[in-house]
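Residues per chain are reported as follows:
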Amino acid sequence: MAEAAETEATEHPWMSPEKTEINGRDLTITVLTVGDDRHERGGLAASQSNETTSNVSDRKLGLGERAFSAAGAAFLSAIIVNPLDVAKMFADLRCSPSCTRAGVHGTVSMCPPDCFQYRGTLDVFYKIIRQEGFSRLWRGTNAGLALAVPTVGIYLPCYDVFRNWLEEATDKNAPSATPYVPLVAGSLARSLACATCYPIELARTRMQAFKGNQIGKKPPGVWQTLLGVLSHVKSTNNIQKVQGYRILWTGMGTQLARDVPFSAICWSTLEPMRRRLLSFVGEDSNAASVLGANFSAAFVAGSLAAAATCPLDVAKTRRQIEKDPGRAMRMTTRQTLMEVWREAGIKGLFTGVGPRVARAGPSVGIVVSFYEVVKYVLHNR
């Protein structure tokens, strides 16, 4: 009997070699050790299963279902968060929207002394409502929807596809690189979405930054704004026709310089955080737990990413509202950041950081949580 036990322990090294002799038998401790080992391995497998459950079910959804989920998330976010976006834009300009003599010369915000300057997000809300009415907080909502629906509709499904594909590839070939998959997948997906939808982003920024020439006149729509940009460029003889259409992507390099780091920071923070939160629930997860875990992780990740990339957002905004097309084409992110630094120092680089963080946290939370909940419901159906 002792020889049989020794042989079994040799063939299965994960069994404990320790033995206690009871009535001449030494099997008791060996059997218990095997049971404990199986229990530990089962717990490890369950933990790993909980961490990857969302990814396994995620792969079963089609691209159309993902796009539908993303479009709904983008619509909801644009309606709820647009007032914060408007507040951020006017905080960047630092001048009252009712001031007819305000504007931007190059990268310098021009605001006459007799015009009110904003002293924070609440001050922006108060003065916009007092001077232009409550509905002005949704200035550019149509453009926001026109931008958010296609952008998020491309961004989130592409992130899922890139993440799933890269995780499969790294698991097989380079397991040590798997933790960096969310960073790479988020950067690739954001670059693709940004390049596709940037002209709409340009129009939306201009619609929010500039009001009509006449008091009470509605700002032009997305299409009219884009036509106005092109007609202004075409009137300049020293810019060729091809370069004229390039003006629609003015500042895209600056936006990529902001959005790619934003996505990299956001997803590399969000993904492990939400998987950790969902692992606490395990197989008992429901729509409420999916909503809570994703919103919490996305809120924190979006806020951190927004604060870290605020200087790049300031540079992007300054380039987009540049009226001189020739100067706009020549401006670079580094040049713009240096000019802002010389004019206002570190405070200028973080102009509007409060509204930006206040917008990014809820926005990312709403989009990601709604997207994941709809995917969860569609998968269970």
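Keep in mind the model is a prediction, meaning the values are calculated, not measured.

Novice: Residue-level account of the environment of Val-124, with values.
Specialist: Note that Val-124 resides in helix 4 (residues 121–132). Given the relative accessible area of 0%, Val-124 is considered buried.

Novice: Quick one: what's the story with the packing of helix 9 (residues 252–281) against helix 10 (residues 287–308), residue by residue and with numbers?
Specialist: Closest axis-to-axis distance for the helix 9/helix 10 pair is 8 Å, and the angle between their directions is 155°. Between helix 9 and helix 10, the crossing angle belongs to the class labelled roughly antiparallel. Helix-helix and strand crossings are classified by hand; for helix 9 and helix 10 the assignment is right-handed. For the contact of helix 9 with helix 10, the residue count by class is 18 nonpolar, five polar and one charged.

Novice: Before we move on, can you summarise the environment of Ala-185 with the specific residues and values?
Specialist: Its place among the elements puts Ala-185 in helix 6 (residues 181–209). Between the C-alpha atom of Ala-185 and that of Arg-163, which follows or precedes it by 22 residues, the distance is 5.3 Å. Excluding residues within four positions of it along the chain, Ala-185 makes contact with Tyr-159, Phe-162, Arg-163 and Leu-166.

Novice: Please set out the confidence of the model for the chain residue by residue, giving values where relevant.
Specialist: Close reading of the predicted structure is inappropriate where its pLDDT is low. Per-residue pLDDT for the chain averages 74, and the proportion of residues at 70 or more is 67%. In this model, residues 4–54 is a region of pLDDT below 50 whose contacts with residues beyond four sequence positions or in other chains number 26 contacts. Overall, residues 104–109 carries pLDDT values under 50, and its contacts beyond four positions in sequence, including any with other chains, amount to 21 contacts.

Novice: Before we move on, could you go through helix 9 and cite the residues and values that matter?
Specialist: For helix 9, with 30 residues, the first-to-last C-alpha span of 41 Å sits near the 44 Å given by 1.5 Å per residue. Just downstream of helix 9, Gly-282 is the residue with a positive phi angle, here 70°.

Novice: So what about the nonpolar core? Which residues, and what values?
Specialist: Among the nonpolar cores identified, the biggest contains 30 residues, and Leu-156, Cys-266, Trp-267, Leu-270 and Val-364 are the most heavily contacted of them. Elements represented by at least two residues in this core include exactly helix 3 (63–93), helix 5 (141–173), helix 6, helix 9, helix 10 and helix 14 (353–380). No other element matches the eight residues that helix 5 contributes to this core. For Leu-156, the residues in contact, after removing those within four places along its chain, are Ala-70, Trp-267, Val-367 and Tyr-371. Ranked by size, the runner-up nonpolar core spans nine residues in total, among them Leu-84, Ala-87, Leu-137 and Ile-366.

Novice: Help me get a handle on a nonpolar patch on the surface, residues and values and all.
Specialist: A cluster of nonpolar side chains, Phe-75, Leu-76, Ile-79, Ile-80, Ile-129, Phe-134, Trp-138 and Phe-370, forms an exposed patch at the surface whose accessible area comes to about 690 Å². If you tally residues by element for the nonpolar patch, the top one is helix 3, at four residues. Note on placement: Trp-138 falls in the loop between helix 4 and helix 5. With a relative accessible area of 31%, Trp-138 lands in the partly exposed category.

Novice: For the packing of helix 9 against helix 14, give the residues involved together with the corresponding values.
Specialist: Close contact between helix 9 and helix 14 brings their axes to 13 Å; oriented N to C, the two are set at 55°. With respect to their mutual orientation, helix 9 and helix 14 come out oblique. In this structure, the crossing between helix 9 and helix 14 has a hand that is right-handed. Of the residues in helix 14, those touching helix 9 at Arg-258, Phe-262, Cys-266, Trp-267, Leu-270 and Arg-274 are Arg-356, Val-364, Val-368 and Glu-372.

Novice: Before we move on, could you go through the pattern of salt bridges and cite the residues and values that matter?
Specialist: Per the counting criterion, the structure on display carries 13 salt bridges. Here Asp-160 makes a salt bridge to Arg-66, at a shortest N to O gap of 3.0 Å. Placement of Asp-160 in helix 5 and of Arg-66 in helix 3 is noted, with a sequence separation of 94 residues between them. Just as Asp-160 is buried, Arg-66 falls in that class too. Between Glu-372 and Arg-274 there is a salt bridge, with the nearest N and O atoms lying 3.3 Å from each other. Separated by 98 residues along the polypeptide, Glu-372 in helix 14 and Arg-274 in helix 9 bring together distant segments of the chain.

Novice: Provide a residue-level description of the side chain of Thr-151, including the pertinent values.
Specialist: Looking at where Thr-151 falls in the secondary structure, it is placed in helix 5. Thr-151 gets classed as buried once you look at its relative accessible area, which sits at 7%. In this structure the side chain of Thr-151 is engaged in a polar contact, spanning 2.7 Å, whose partner is the backbone oxygen of Leu-147. Beyond its immediate sequence surroundings of up to four residues, Thr-151 is in contact with Arg-190, Ala-193 and Cys-197.

Thresholds, definitions, all that
- Residues numbered from 1 in each chain as written.
- Predicted model: local features only at pLDDT ≥ 70, side-chain atom pairs only at ≥ 80, totals over all residues.
- Heavy atoms only, no water.
- Helix = DSSP H or I, 4+ residues; strand = E, 2+ residues; numbered from the N terminus.
- Buried < 20%, exposed > 50% of the residue type's maximum accessible area, 1.4 Å probe, protein only.
- Axes fitted to C-alpha atoms, helices over the stretch in contact; angles between N-to-C directions.
- Parallel < 35°, antiparallel > 145°, perpendicular 65-115°, else oblique.
- Left-handed = near helix turned anticlockwise from the far one by under 90°.
- Nonpolar A, V, L, I, M, F, W, Y, C, P; charged D, E, K, R; others polar.
- Contact = heavy atoms within 4.5 Å.
- pLDDT = per-residue confidence, 0-100.
- Expected span 1.5 Å × (residues − 1).
- Core = buried A, V, L, I, M, F, W, Y, C linked by side-chain atoms within 4.5 Å.
- Patch = residues over 30% accessible without salt bridge, like charges linked within 9 Å, V, L, I, M, F, W, Y side chains within 5 Å.
- Areas by Shrake-Rupley, 256 points an atom, 1.4 Å probe, with all protein chains shown as cover.
- Salt bridge = Lys/Arg side-chain N within 4 Å of Asp/Glu carboxyl O.
- Polar contact = N/O pair within 3.5 Å; in protein donor to acceptor, adjacent residues only side chain to side chain.

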